[in-house]
Amino acid sequence: MSVLVLAGHDPSGRAGLTRDLWTLARCALPALSLPTCSTIQTKGLQVAQASDARWLERALEALRDEHAIRVIKTGLILSGETWSAILPMLRALASEGAGVVVDPCRGPSRGGFGADDGVRRALLGEVAATRAAVLTPNVPELAWLHGAPLADEAAEDDACRALLARGYRAVVLKGGHARGAPESLRDRYFAQDDERSFVRERHAGERRGTGCCFASFLAAGLWQDLDVPTAARIAGHQLGQVWHELAAPED
């Protein structure tokens, strides 16, 4: 039983598909992977190209024919067309009880390229409507999905609840970009009739790929049959344990 990762390829290996697989390997879990897009992310050039949707559909069908998939985790998806190719498989796996983790990556933090509006529409519509997915935005991604800046923590909470009302199984707001104490941060969990927060240490400096790691650790928890809040809490602490292994942007 494997984790299937669908994410963008970052040739540096610091984020995206490679970082997801690195994280799952830390958990000693079997993983399958398909690139949703190919990117170049250097100081001089930042571009991306979506994978061919028909190729992606055929590859997903081939993988499912030969492998049992327990959890599906998505990362950077550049186009609504790509989501249209993925959704039939996501629905099928969810109907069979597979866990689903959707990390709504809009694009790299340094900019250069990003998801088109079809991705936002899919995340607000058909992806949410599966009622199976755990959504893991950070604050900027939450504001993008919300469609407007979020003035304070109360507005962030309301935006998470609005996403939950669209059909998501749960929303986990990653705390790295959130307001809070300099020495700690809080990840916030939202589900029907259940809201919690989990405090973890805030590390100095910046690291690429932390959002990928968190979502992949959460996917690993679902693979291990943990409930979503427990998986989210443990994912935050696991991210802290590997923080110093993640390369700083200037390295």
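From a predicted model like this one, the values you see are computed outputs, not experimental measurements. Along every chain, residues carry numbers that run from 1 in the direction the sequence is written. pLDDT decides what is reported in this predicted model: residues at 70 or higher carry local features, side-chain atom pairs at 80 or more are listed and counted, and totals for whole chains, interfaces and linings draw on all residues regardless. Hydrogens and water molecules were not included; the side-chain quantities draw on all heavy atoms of the structure.

Peer 1: Mind showing me how you'd approach helix 6 (residues 139-146) here?
Peer 2: An α-helix turns once every 3.6 residues. As a result, residues three or four positions apart point the same way. Summary of the burial criterion: residues with accessible area below 20% of their type's maximum are buried, those above 50% are exposed, and those between are partly exposed, where the area comes from a 1.4 Å probe applied to protein chains only. For helices the rule is a DSSP run of H or I covering at least 4 residues; for strands it is a run of E covering at least 2, with both sets numbered from the N terminus onward. With 6 of 8 residues buried, helix 6 lies mostly within the body of the structure. Among the residues of helix 6, those classed as buried are Val139, Glu141, Leu142, Ala143, Trp144 and Leu145. One or two positions beyond helix 6, positive phi appears at glycine 147, with a value near 90°.

Peer 1: Would you explain the layout of surface pockets in this entry?
Peer 2: In this structure, the second largest pocket encloses a volume near 250 Å³. The way it works is a 1 Å grid over only the protein atoms, where trapped points that fit a 1.4 Å probe form a cavity and open points with protein on both sides within 12 Å along at least five of seven lines form a pocket, and then any residue with an atom within 4 Å of a point lines it. Taken together, 13 residues form the lining of the second largest pocket, with Arg70, Glu96, Gly97, Ala98 and Gly99 sitting closest to its centre. Looking at the lining of the second largest pocket, its residues break down into 7 nonpolar, 2 polar and 4 charged. Grid points are joined across faces, edges and corners, and a volume is the space filled by probe spheres set on the points. Polar here means any residue other than Ala, Val, Leu, Ile, Met, Phe, Trp, Tyr, Cys and Pro, which are nonpolar, and Asp, Glu, Lys and Arg, which are charged; Gly is therefore polar.

Peer 1: Is there a simple way to think about the pattern of salt bridges in this case?
Peer 2: Pairing is possible between side chains that carry opposite charge, provided their charged atoms lie close to one another. When a carboxyl oxygen of Asp or Glu lies within 4 Å of a side-chain nitrogen of Lys or Arg, that pair is called a salt bridge. Taken as a whole and assessed by the stated rule, the structure comprises 15 salt bridges. Note that arginine 91 and glutamate 126 form a salt bridge whose closest N and O atoms lie 3.2 Å from each other. Taken together, the residues arginine 91 in helix 3 (residues 80-95) and glutamate 126 in helix 5 (residues 126-129) connect sequence positions 35 residues apart. For lysine 174, the salt bridge goes to aspartate 103, with nearest N and O atoms at 2.7 Å. Of this pair, lysine 174 sits in the loop between strand 7 (170-173) and strand 8 (184-191) while aspartate 103 sits in the loop between strand 5 (99-102) and helix 4 (117-124); the two residues are 71 residues apart in sequence, bridging distant segments of the chain. Looking at lysine 174, the relative accessible area reads 6%, which means it is buried. For aspartate 103, a relative accessible area of 4% translates into the label buried. Through salt bridges with shared partners, a single ionic network connects Glu156, Asp157 and Arg188.

Peer 1: What's the story with helix 8 (residues 210-223) in this structure? I'm lost.
Peer 2: Look at helix 8: 20 Å from first C-alpha to last across 14 residues, which is about the 20 Å you get at 1.5 Å a residue. Helix 8 sits mainly inside the fold: 11 of its 14 residues count as buried. Every buried residue of helix 8 is listed here: Cys212, Cys213, Phe214, Ala215, Ser216, Phe217, Leu218, Ala219, Ala220, Gly221 and Leu222. Looking at the residues trailing helix 8, positive phi occurs at aspartate 225, about 70°. Helix span, expected: 1.5 Å multiplied by one less than the number of residues in the helix.

Peer 1: Sorry, what's going on with the environment of glycine 125 here?
Peer 2: If you trace the backbone, glycine 125 turns up in the loop between helix 4 and helix 5. Glycine 125 sits in the partly exposed class, given a relative accessible area of 27%. Sequence separation of glycine 125 and leucine 163 is 38 residues, and the distance between their C-alpha atoms is 9.8 Å.

Peer 1: Just checking my understanding: could you explain the sheet that holds strand 6 (residues 133-135) for this structure?
Peer 2: Backbone-to-backbone hydrogen bonds pair the strands of a sheet. The strands run either parallel or antiparallel. Taken in spatial order, the 9 strands of this open sheet run 3-2-1-4-5-6-7-8-9, and their pairing is mixed. Bordering the open sheet on either side are strand 3 (46-50) and strand 9 (194-201), each of which pairs with just one other strand. The mean angle between the axes of side-by-side strands here comes to 20°, regardless of whether they run parallel or antiparallel. We call two strands paired when DSSP finds no fewer than two bridges between them. Two elements, strand 6 and strand 7, share 2 bridges in a ladder whose sense is parallel. All axes here are fitted lines through C-alpha atoms, helices being fitted over the stretch that makes contact, and every angle between N-to-C directions spans 0 to 180 degrees.

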